[in-house]
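Analysis of the macromolecular model
The primary structure of each chain is shown beneath.
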Amino acid sequence: MADRSLVHIAFYAALIAALGLVPPVAIPFLGGVPITAQTLGVMLAGVMLGPVRGGLAVLLFLFLVALGAPFLSGGRGGLGVFATPSVGFLIGWPVGAFVAGWIMRATSRMNILASAAVSAAVGGIVVVYLFGIPGVAYMAGLPLLKATYLSAIYIPGDLVKVAITALITQTVARGLPGAILSRS
């Protein structure tokens, strides 16, 4: 892997960590899974870097968290975070970034704003929720249907993150089209 790719991967891992500085909003009735800004970084990693580099950026971030770095929103880190109701969402992040990058690449003939929005929505919401909801259900001892219903509280915020991702991607593409690595 080229040095430039390693820098991109490290940069997006750092971006996800920086988004962890935004204070979380705790949702007590959903096992304490917080609303965070970090899924914005996951969406951006996939959309901007493409499937492999985007997924690797999120895996690097999660590796650092597992080592104890307090990079998750609220200053959480260490192996213990993988034994909480958030575990499904955390596991879904690299997969979501990969899928977002893959869709972005597959829709390269579409308008960049629309392509980024679809990619971020499918990878950053649908895929992440496919992992997150069963994780919440299992770890919080909730029926799957109830965990699905309770997880709906996250959707409006995630849709805002999709819009932000699409706008950032379009803006970057106008000024520096080569920075959209998912399209190259």
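Structure: above.
A few points on the structure. Predicted model only: the values in this text are computed from it and were never measured. (Residues numbered from 1 in each chain as written. Predicted model: local features only at pLDDT ≥ 70, side-chain atom pairs only at ≥ 80, totals over all residues. Heavy atoms only, no water.)

Some details on the overall build of the chain
A tally of regular secondary structure across the chain gives 7 helices and 0 strands. The order of α-helices and β-strands along the chain, N terminus first, is α-α-α-α-α-α-α. Over its C-alpha trace the chain gives a radius of gyration of 16 Å, about what one expects of a compact globule, namely 16 Å for 184 residues. In terms of overall dimensions, the chain has a C-alpha envelope of 45 × 30 × 25 Å along the principal axes. Burial statistics for the chain: of 184 residues in total, 48% are counted as buried. Look at the contacts in the chain between residues 6 or more apart in sequence, and 70% of them connect residues 24 or more apart. When the accessible surface of the chain is split by element, carbon and sulfur atoms take 75% of a total near 8,500 Å². (Helix = DSSP H or I, 4+ residues; strand = E, 2+ residues; numbered from the N terminus. Rg over C-alpha atoms; globule rule 2.2 N^0.38 Å. Buried < 20%, exposed > 50% of the residue type's maximum accessible area, 1.4 Å probe, protein only. Contact = heavy atoms within 4.5 Å. Areas by Shrake-Rupley, 256 points an atom, 1.4 Å probe, with all protein chains shown as cover.)

Regarding the packing of aromatic side chains
Taken as a whole, this structure holds 5 aromatic pairs when the rule is applied. Their ring planes at 85° and their centres at 5.2 Å tell us that Phe11 and Tyr12 sit as a pair that is edge-to-face. Owing to a relative accessible area of 48%, Phe11 belongs among the partly exposed residues under this scheme. The exposure class of Tyr12 is buried, given its relative accessible area of 10%. (Phe/Tyr/Trp six-rings, centres within 6.5 Å; stacked < 30°, edge-to-face > 60°.)

Digging into the packing of helix α1 (residues 3–19) against helix α3 (residues 51–66)
Direction vectors running N to C along α1 and α3 enclose 55°, while the axes themselves pass 8 Å from each other. With respect to each other, α1 and α3 are oriented oblique. With respect to the hand of their crossing, α1 and α3 are arranged in right-handed fashion. Contacts between α1 and α3 involve Ser5, Ile9, Ala10, Tyr12, Ala13, Ile16 and Ala17 from the former and Arg53, Leu56, Ala57, Val58, Leu60 and Phe61 from the latter. Among the residues making up the contact of α1 with α3, the classes are represented as 11 nonpolar, 1 polar and 1 charged. (Axes fitted to C-alpha atoms, helices over the stretch in contact; angles between N-to-C directions. Parallel < 35°, antiparallel > 145°, perpendicular 65-115°, else oblique. Left-handed = near helix turned anticlockwise from the far one by under 90°. Nonpolar A, V, L, I, M, F, W, Y, C, P; charged D, E, K, R; others polar.)

Notes on the side chain of Thr36
Mapping Thr36 onto the fold places it in the loop between α1 and α2 (38–49). Beyond its immediate stretch of four places on either side in the chain, Thr36 contacts Pro24, Ser73 and Lys161.

What about the pattern of salt bridges?
Evaluated as defined, the whole model comprises 1 salt bridge. Taking the shortest distance from any N to any O, the salt bridge between Lys161 and Asp158 comes out at 3.3 Å. You can see Lys161 and its partner Asp158 sitting in helix α7 (residues 155–175), 3 residues apart, about one turn around the helix. (Salt bridge = Lys/Arg side-chain N within 4 Å of Asp/Glu carboxyl O.)

Comments concerning helix α6 (residues 144–151)
Burial in α6 covers these residues: Ala147, Leu150 and Ser151. Projection of α6 onto a plane perpendicular to its axis shows the buried side chains occupying an angular sector of 100°, all on one side. Opposite its buried face, α6 presents the exposed residues Leu145 and Tyr149, each directed more than 90 degrees away. Looking at the buried positions of α6, the neighbouring elements they touch are α4 (87–106), α5 (112–140) and α7. (Arc of directions from axis to C-beta.)

With respect to the nonpolar core
Core analysis: the largest hydrophobic core is formed by 46 residues, its most contacted members being Tyr12, Val58, Phe61, Leu72 and Trp93. When residues of this core are traced back to their parent elements, those giving at least two are α1, α2, α3, α4, α5, α6 and α7. With 9 residues, the top contributor of residues to this core is α5. Other than its neighbours up to four places away in sequence, Leu72 contacts Gly20, Gln38, Phe61, Val65, Val81, Leu90 and Trp93. (Core = buried A, V, L, I, M, F, W, Y, C linked by side-chain atoms within 4.5 Å.)

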